[in-house]
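# Breakdown of the fold
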Amino acid sequence: MIPLKPIILMENYEQLLQEAYEKIKPTEECDRFEIKKIEGHIQGNKTIISNFGEIARCIRRKPEELTKFLLRELASSGEINGERLILTRKVSSKNINDKIEKYVKKYVYCPKCKKPDTELINESGKKYIRCLACGHKQEIE
Ligand SMILES: [Zn+2]
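This is a predicted model, so every value here is computed, not measured. (Residues numbered from 1 in each chain as written. Predicted model: local features only at pLDDT ≥ 70, side-chain atom pairs only at ≥ 80, totals over all residues.)

### Description of the overall build of the protein
The number of helices and strands found in the protein is 4 helices and 7 strands. Its helices and strands taken in sequence order, the protein reads α-β-β-α-α-β-β-α-β-β-β from the N to the C terminus. The proportion of buried residues among the 141 residues of the protein is 17%. In the protein, once contacts between residues fewer than 6 apart in sequence are set aside, the share between residues at least 24 apart is 45%. (Helix = DSSP H or I, 4+ residues; strand = E, 2+ residues; numbered from the N terminus. Buried ≥ 20, exposed ≤ 12 C-beta atoms within 10 Å, placed from the backbone. Contact = placed C-beta atoms within 7 Å.)

### Overview of the pairing of strand β1 (residues 40-43)
With 4 bridges connecting them, β1 and strand β2 (residues 46-49) associate as antiparallel partners. Residue Q43 lies in a different strand from β2, and its bridge partner there is K46. Remark: 2 residues form the turn of the hairpin made by β1 and β2, two consecutive strands paired antiparallel; G44 in that turn has positive phi of roughly 65°. (Pairing = 2+ DSSP bridges.)

### Re the sheet that holds β2
The sheet built from 4 strands is open, its strands ordered β1-β2-β4-β3 with antiparallel pairing. One side of each edge strand has no neighbouring strand; the edge strands of this open sheet are β1 and β3 (78-81). Between one strand axis and the next, the sheet turns by 20° as a mean value, whatever way the strands run. Judged from the 3 bridges that link them, β2 and strand β4 (residues 84-87) form a sheet pairing that is antiparallel. Along β4, the bridge assignment pairs I48 with I86. (Axes fitted to C-alpha atoms, helices over the stretch in contact; angles between N-to-C directions.)

### Details of the pairing of β3
Strand direction decides the pairing type here: β3 and β4, joined by 4 bridges, are antiparallel. Within β4, the position partnered with G78 by the bridge is L87.

Right, dumping it as structure tokens:
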């Protein structure tokens, strides 16, 4: 009927979907903290990690942050594509899993109490890890 209405409805619908997704998805996949093993395959000269979004959610970090770390560590370029991370070179699963573990040790586990209930914060250009369990806060590189 009126052309504006369906558009608004569609936007609301997508927003609802997005909200539902964000609420339900993490608990479905990992109600507790967990370092998932990657699932993926090599395609030509590329490495496709198909469960990358899930991995990031389960360690409670933004996919972009984890990607930045991995690309540097693996000396690869790459991009996030939906739930997937595509690396522009061939990398073994073991190598990627090791790097994810390294990331978690450095950027997720609290340096003091070793619990994973932490968050990364930026304050005056510096990066800190803050523990929600014991309150410890420490600058990280
Ligand atoms: Zn702590």
